[in-house]
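Commentary on secondary and tertiary structure
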Amino acid sequence: MDEYEFQKLTSLKPYVIGLGIREMSTVFGIVDALGNIKCMDKVKTRDYADPTALVFDICDRLQPLVEQCGGWGNIKAMGISAASGNNITHRIENAANLPWKGKIAMASMFQGRLGISVALVNDCTAAAMGEMIYGAARGLKDYICIWIDGGLGAGLVLNGLTFMGNKGRVGEIGHVTLDPNGRHCTCGKVGCLESYVSRRGIRQTLCEIMEEKPDVPTRFRDVKPDDITVEAVAEAAEAGDALALETLAVTGNIFGHAMTAWASLVSPEAFVLTGGVANLCGKYMLPSILEGLNENMFAPMRWTTKVYVSNLHGDKACILYGSAVAWQTHEYDMVL
Ligand SMILES: [Zn+2]
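Residues numbered from 1 in each chain as written. Predicted model: local features only at pLDDT ≥ 70, side-chain atom pairs only at ≥ 80, totals over all residues. Heavy atoms only, no water.

Viewed as axis vectors pointing N to C, helix H2 (residues 51–68) and helix H3 (residues 106–114) meet at an angle of 40°, and their least axial separation amounts to 10 Å. Accordingly, the angle class assigned to the pair H2 and H3 is oblique. Pair H2 / H3 crosses with right-handed handedness. In this structure, H2 contributes Pro51, Thr52, Leu54, Val55, Phe56, Ile58, Cys59, Asp60 and Leu62 to the contact, and H3 contributes Met106, Met109, Phe110, Arg113 and Leu114. Broken down by class, the residue content of the contact of H2 with H3 amounts to 11 nonpolar, one polar and two charged. (Axes fitted to C-alpha atoms, helices over the stretch in contact; angles between N-to-C directions. Helix = DSSP H or I, 4+ residues; strand = E, 2+ residues; numbered from the N terminus. Parallel < 35°, antiparallel > 145°, perpendicular 65-115°, else oblique. Left-handed = near helix turned anticlockwise from the far one by under 90°. Contact = heavy atoms within 4.5 Å. Nonpolar A, V, L, I, M, F, W, Y, C, P; charged D, E, K, R; others polar.)

Another aspect to go through is the coordination of the zinc ion. Distances from the zinc ion to its protein donors, His175 (ND1), Cys185 (SG), Cys187 (SG) and Cys192 (SG), fall within 2.0 to 2.3 Å. For the zinc ion, the four donor atoms are set out with angles of 105 to 118° between them, so the coordination reads as tetrahedral. Sequence positions of the donors to the zinc ion reduce to the motif H-x9-C-x1-C-x4-C. Here His175 is found in the loop between strand S10 (161–163) and helix H5 (199–212), whereas its partner Cys187 is found in the loop between S10 and H5, with 12 residues between them in sequence. Looking at His175, the relative accessible area reads 31%, which means it is partly exposed. (Donors = N, O, S within 2.8 Å, 3.2 Å for Na, K, Ca; no water. Tetrahedral: all angles 85-135°; square planar, octahedral: opposite > 155°, others 65-115°. Buried < 20%, exposed > 50% of the residue type's maximum accessible area, 1.4 Å probe, protein only.)

The terminal C-alpha atoms of helix H7 (residues 242–266), which comprises 25 residues, lie 36 Å apart, in line with the 36 Å expected from a rise of 1.5 Å per residue. Of all the bends in H7, the largest measures some 25° and sits at Met259. At the C-terminal side of H7, Ser267 shows a positive phi close to 50°. (Expected span 1.5 Å × (residues − 1). Bend = angle between axes of the 7 residues up to and from the residue.)

So, about the sheet that holds strand S1 (residues 15–21). A sheet is described by the order of its strands in space; here five strands give the open sequence S3-S2-S1-S4-S7, paired in mixed fashion. Both outer strands of the open sheet, strand S3 (37–44) and strand S7 (117–122), are each paired with one neighbouring strand and no more. Strand-to-strand twist across the sheet, computed as the mean angle between neighbouring axes with direction ignored, equals 15°. Alignment of S1 against strand S4 (residues 75–82), held across six bridges, turns out to be parallel. Residue pairing for S4: Gly18 is matched across the bridge by Gly79. Sheet strands touched by H2: S1, strand S2 (25–32), S3 and S4. Its angle to S3, the strand with the most contacts, is close to 160°. Relative to the sheet, H3 contacts S1, S4 and S7, its axis offset from that of S7 by approximately 160°. (Pairing = 2+ DSSP bridges.)

Attention shifts here to the nonpolar core. Counting residues in hydrophobic clusters, the biggest one holds 42 residues, and the most contacted among them are Ile146, Phe255, Met259, Trp262, Phe271 and Leu273. Of all the secondary-structure elements, those providing two or more residues to this core are strand S8 (143–148), strand S9 (152–158), H5, helix H6 (230–238), H7, strand S11 (270–274) and helix H8 (276–295). With eight residues, the top contributor of residues to this core is H7. Not counting the four nearest positions on each side in its chain, Phe271 is found in contact with Ile144, Ile146, Met259, Trp262, Ala263, Leu293, Thr305, Lys306, Val307 and Tyr308. Ranked by size, the runner-up nonpolar core spans 34 residues in total, among them Met78, Ala82, Ala83 and Phe110. (Core = buried A, V, L, I, M, F, W, Y, C linked by side-chain atoms within 4.5 Å.)

To continue, consider the side chain of Asn74. Within the secondary structure layout, Asn74 lies in the loop between H2 and S4. A polar side-chain atom of Asn74 sits 2.8 Å from the main-chain carbonyl oxygen of Cys69. Contact partners of Asn74, with chain neighbours within four places excluded, come to Leu12, Lys13, Pro14, Tyr15 and Cys69. (Polar contact = N/O pair within 3.5 Å; in protein donor to acceptor, adjacent residues only side chain to side chain.)

Here Ser323 lies in helix H9 (residues 314–327). Look at Ser323 and you get buried, because its relative accessible area is 0%. Not counting chain neighbours up to four residues away, the residues in contact with Ser323 comprise Val16, Ile17, Gly18, Val31 and Tyr134.

Another point: the domain arrangement of the protein chain. Accessible area lost upon the coming together of the parts serves often as the stated size of an interface. The domain architecture assigned to the protein chain consists of domain 1 (3–131 + 315–327) and domain 2 (138–311). Here domain 1 and domain 2 have C-alpha centroids that lie 28 Å from each other. Contacts between domain 1 and domain 2 engage 16 residues on the former and 20 residues on the latter. Buried surface at the junction of domain 1 and domain 2, both sides included, amounts to about 1400 Å², of which 61% is carbon and sulfur. If you sort the residues of domain 1 by the area they bury against domain 2, Cys124, Ala128 and Glu131 come out on top, with a joint share of 38%. Applying the counting criterion to the domain 1 and domain 2 interface returns zero salt bridges. Counting the contacts that link domain 1 with domain 2 gives seven residue pairs in polar contact (both at pLDDT 80 or more). Mapped onto the side of domain 1 that touches domain 2, the elements with two or more residues apiece are helix H4 (123–134) and H9. (Domains from an automatic or database assignment. Buried area = accessible area lost by both parts, 1.4 Å probe. Salt bridge = Lys/Arg side-chain N within 4 Å of Asp/Glu carboxyl O.)

It is worth spelling out the environment of Arg219 at this point. Structurally, the position occupied by Arg219 is in the loop between H5 and H6. C-alpha separation for the pair Arg219 and Leu243, spaced 24 residues apart in sequence, amounts to 9.0 Å. Residues in contact with Arg219, not counting those within four places in the same chain, are Glu235, Ala236, Ala239 and Asp241.

Below, the structure written as C-alpha cells:
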C-alpha cells in the first residue's frame, strides 16, 4: 500500500479545497495531505462584476472535481488565500486590485453554499502557512514570508504560530516610505518600498540605469518601457545581460536594506521570498539582498537570518497556500 492509499484509509477526510483569489485569475483545486493537487481549475477574476457570481460559478465547477475525489464526504474544509483578505473577519476588505468594492464576506458565502468549513486569510499570511507545510519554511518556527509580485506584502510566523495581526491586517510593508524624495507611488505617496521592489519597480530601475549608461549594450534598448516585463528581465539576466543583472542587484540591495528593520525587530530564522518576482528573479537578487541585509545590520545580529527563495510557483503555489489555510481549519468549525 502506498502512502496515498494509507492516508485515504486512515483519515476520515483526506482532502481539502485550496482557493487563491488574485487580481487576474482565481485558481482552485483539491489537495491531499502530502500536497498533491489532485485536480484544479481556473477562472478570470475580472469576468465577475459581482462576487456572488464568482462564488456560484466556482461551486458549480468544484462539483465534478469533488466527485473525482470521492464526493463531499472526503473534503475536510476549504481555505482561501485572497488579496486584501482580513485574517480575523475572513472577508476581503477594500481591495484596491479586485473588481469588488467594500467588504466582501467571501468565506461566509462559500460556507453557506457548500456546507463545509471555509476560512479566508490574506494572501501573504496564506503563503506563510503554505511555506510551513509544503515549502521552504518546513521546520522553521520564526520566519517572515514576503510575497513580491505586482505589490509587496508579508506574512509572519512567530514561535510556530501564524501571526494574524490586530484587526486581521498584518504585513502591509509595501507602502512604507523608503525614500521621502523618491519615486511617486500608485498609492499617492512618495518613495514607497513597493515602487522599487515589485514588477513596476524593476521596470523603472532598468529604465533609469539604461539612461545613466547609454553605451552599455542591452536587449532592452529599443523596447518601450511599458513592454518591459519581469519575465524578460529574468531571461536577460540568465543570458548575462549586464544591465538586467545590475537592475536586479540594485533592487535586491534596496530590498535587503529594508529587510534589516524587520529582521532587527523579530530576529527570525529566515525570510522566505515568494510570488512572481521572487520566483523569476530571486536567484539573481539573492546575493545583493544578503549584502544589503547584513551590511545594514547591527553587528552582533549580522548573518543570523537566512534568506530562502520559495520553490513553489504560480497557480499551484496559490492552491497550496489556500489548502494550508484549510488544513488549519477544523472541519467542524463553522468559522463565521
Ligand atoms: Zn505606495
